[in-house]
Amino acid sequence: MKIGVLTGGGDSSAINTAIRAIVKRAEKDGHNVLGIHDGWAGLVENRLSPLKEEDITNILYRGGTILGTSRTNPFKISGGVDKVVSTVKANDLEAIVAIGGDDTIGVAHKLNKLPQPIPAIGVPQTIDNDIAGTDYAIGFDTAMATATEAIERIHTTAESHHRIIVVEVMGRDAGHIALESGIAGGADIILIPEEPIDIKDVSARLKAMQTKGKRFAIVVVAEGATLSGGEQVVRTKKTDMFGHAMLGGIAEYLSEELAKNTGMETRFTILGHLQRGGNPTAFDRLIATRLGFGAIELVNQKKWDYMVCIQGNKVIFVSLDNALQVKPVDKKLYELAKKFD
Ligand code: F6P
């Protein structure tokens, strides 16, 4: 078969590991692979090139994506879907493997539902790890390790200066990075999109810590966390082609409010895209390799409109009808985290 592979949405570490696994397994199984450049933009604009063994040498451990990425949504471009259809025909593509988050794979899902369906499958990749069908998305473990190290490093300076430092991590709809790196890095308070922030309550918890003699604190907040009134604090009104706000800014707001309410000196740090860069952890490489192999298994079985997932440490296939909802954090883990202030 002729298979097109694309990477869309926010990048992360270990995408290249997945591309390598896909190409290796596809070649073994007698398929031809074409790399689609810059996500769905490559199909709208007919930008593809062959992906062969020589293209994937030494990419196992390299961050980013050799294919490039974008947040292009063909369903939001006039004539976009028709252009995708004609690129698929012009290149004789028989299958598309879309590596990305819910937006990127959501486009694959919609293409499968066209009157003349385009056979496509999904491979979950997002540092946010918020895709319901899978326990792990590619990139999450590396982002978590980076955030954990940053939170750990913030401790010494927070302690020396007797400050509250608010660390903002990524996480649009769910707080997986905040919760897991917060626990692993020793945060005192963790704030996530799943539970609106009650500033009075956070301030009271910090004051109680002060009373017990703790003269510094680390607050970790996910960028998508909302205030108790439901509003999101962002520095810009810009949105992407999927209608998502460009997040970032809640840490600065919290830092100011907490200084007023607690009388302590505060600072904030936004980790931002640092969490998406760098070489992948061994765990991410393993996940990406297993998911990449699984993707070609899906193609071999012609199981279109499915996503290859990890559940209970097994590679399984989940229909895109059910796989793409937001996966919230584990409530028990969140309750555990609340006991550390
Ligand atoms: O989609 C993953 C993500 O990392 C979100 O947490 C974040 O809001 C977004 O990407 C930022 O992406 P960019 O700045 O690259 O558009």
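Counting restarts for each chain, with residues numbered from 1 along the sequence as it is written. Thresholds applied to this predicted model are a pLDDT of at least 70 for local features of residues and 80 or more for the giving and counting of side-chain atom pairs; totals over whole chains, interfaces and linings are not thresholded and use all residues. Calculation of side-chain values draws on the structure's entire complement of heavy atoms; hydrogens and water are dropped beforehand.

Remarks on the overall build of the protein
Strands here are runs of E lasting at least two residues and helices are runs of H or I lasting at least four, both read from the DSSP assignment and numbered beginning at the N terminus. For the protein, the helix and strand inventory stands at eleven helices and eleven strands. For this measure, only C-alpha atoms enter the radius of gyration; the expected value for a globule follows 2.2 Å times N^0.38, where N is the number of residues. A globule of 341 residues ought to have a C-alpha radius of gyration of about 20 Å, and the protein, at 21 Å, matches this closely. Seen through its principal axes, the protein has C-alpha atoms that stretch 70 × 40 × 30 Å. It only takes one pair of heavy atoms within 4.5 Å for two residues to be counted as in contact. In the protein, once contacts between residues fewer than 6 apart in sequence are set aside, the share between residues at least 24 apart is 76%. A positive count includes Lys and Arg, and a negative count includes Asp and Glu. His and the chain ends are not counted in either. Charge placement uses NZ in Lys and CZ in Arg. For Asp and Glu, CG and CD serve respectively. Across the protein, the centroid of the 39 positively charged side chains sits 0 Å from that of the 42 negatively charged ones.

Regarding the site of the ligand
Throughout, near means a residue has at least one heavy atom within 4 Å of the molecule or strand. In the vicinity of the ligand, the contacting residues are Arg71, Ile127, Asp128, Met170, Gly171, Arg172, Glu223, His273 and Arg276. Glycine 171 is positioned with one of its backbone polar atoms (N or O) 3.4 Å from an oxygen atom of the ligand. Residue histidine 273 places a side-chain N or O atom 2.7 Å away from an oxygen atom belonging to the ligand. Every accessible area reported is derived by Shrake-Rupley at a probe size of 1.4 Å, with residue values counting cover from the shown protein chains alone. Protein chains bury 78% of the 400 Å² of accessible surface belonging to the ligand in isolation. We call two N or O atoms a polar contact when they sit within 3.5 Å, provided that within protein one can donate a hydrogen and the other can accept it, with sequence-adjacent residues counted only if both atoms are side-chain atoms.

Topic: the pattern of salt bridges
Between Lys or Arg on one side and Asp or Glu on the other, a salt bridge is scored when a side-chain nitrogen of the former is within 4 Å of a carboxyl oxygen of the latter. A full pass over the atoms with the stated rule returns 16 salt bridges. Among the ionic pairs, glutamate 45 bridges to arginine 47, the shortest N-O distance being 2.8 Å. Accessibility here uses a 1.4 Å probe with only protein chains present; expressed as a share of the type maximum, an area under 20% marks a residue as buried, one over 50% as exposed, and anything in between as partly exposed. The exposure class assigned to glutamate 45 is partly exposed, which follows from its relative accessible area of 45%. What makes arginine 47 partly exposed here is its relative accessible area of 29%. Lysine 113 is the partner of aspartate 305 in a salt bridge, and the nearest nitrogen-oxygen pair spans 3.2 Å. Here the residue aspartate 305 occupies a position in the loop between α9 (282-300) and β10 (306-311), and lysine 113 occupies one in the loop between α4 (102-112) and β5 (120-124), the gap between them amounting to 192 residues. On the basis of relative accessibility, which here comes to 9%, the residue aspartate 305 falls in the buried class. In this structure lysine 113 comes out as partly exposed when scored by relative accessible area, which is 47%. What emerges from the salt-bridge pattern is a single network uniting Arg25, Asp29 and Glu297.

With respect to the packing of aromatic side chains
Side-chain rings of Phe, Tyr and Trp, where Trp is taken by its six-membered ring, are said to pair if the distance between their centres is within 6.5 Å; with planes under 30 degrees apart they count as stacked, over 60 as edge-to-face, and otherwise as tilted. Using the criterion set out here, one finds one aromatic pair in the structure. Between tyrosine 136 and phenylalanine 283 the ring centres are 4.8 Å apart and the planes differ by 75°, which places this aromatic pair in the edge-to-face class. Of this pair, tyrosine 136 sits in the loop between β5 and α5 (140-161) while phenylalanine 283 sits in helix α9, and the two are 147 residues apart along the sequence.

Some remarks on the environment of isoleucine 164
With respect to the helices, strands and loops of the structure, isoleucine 164 is situated in strand β6 (residues 163-169). Excluding residues within four positions of it along the chain, isoleucine 164 makes contact with Leu206, Ala217, Val219, Leu258, Thr262, Met264, Glu265, Thr266 and Arg267.

Observations regarding the pairing of strand β1 (residues 2-7)
Strand residues, when the strand is regular, have side chains that alternate between the two faces of the sheet. With five of six residues buried, β1 is to be regarded as a mostly interior element. Two elements, β1 and strand β2 (residues 32-36), share four bridges in a ladder whose sense is parallel. Bridged to lysine 2 within β2 is asparagine 32. Seen with its strands pointing away from the viewer, a crossover is right-handed if its path from the first strand over the helix to the second goes clockwise. Traced from β1 through helix α1 (residues 15-28) to β2, the parallel crossover comes out right-handed. Summarising the sheet, β1 and strand β4 (residues 95-100) pair through five bridges and their orientation is parallel. Across the sheet, glycine 4 pairs through a bridge with isoleucine 96, a residue of β4. Following DSSP output, two strands are said to pair if at least two bridges run between them.

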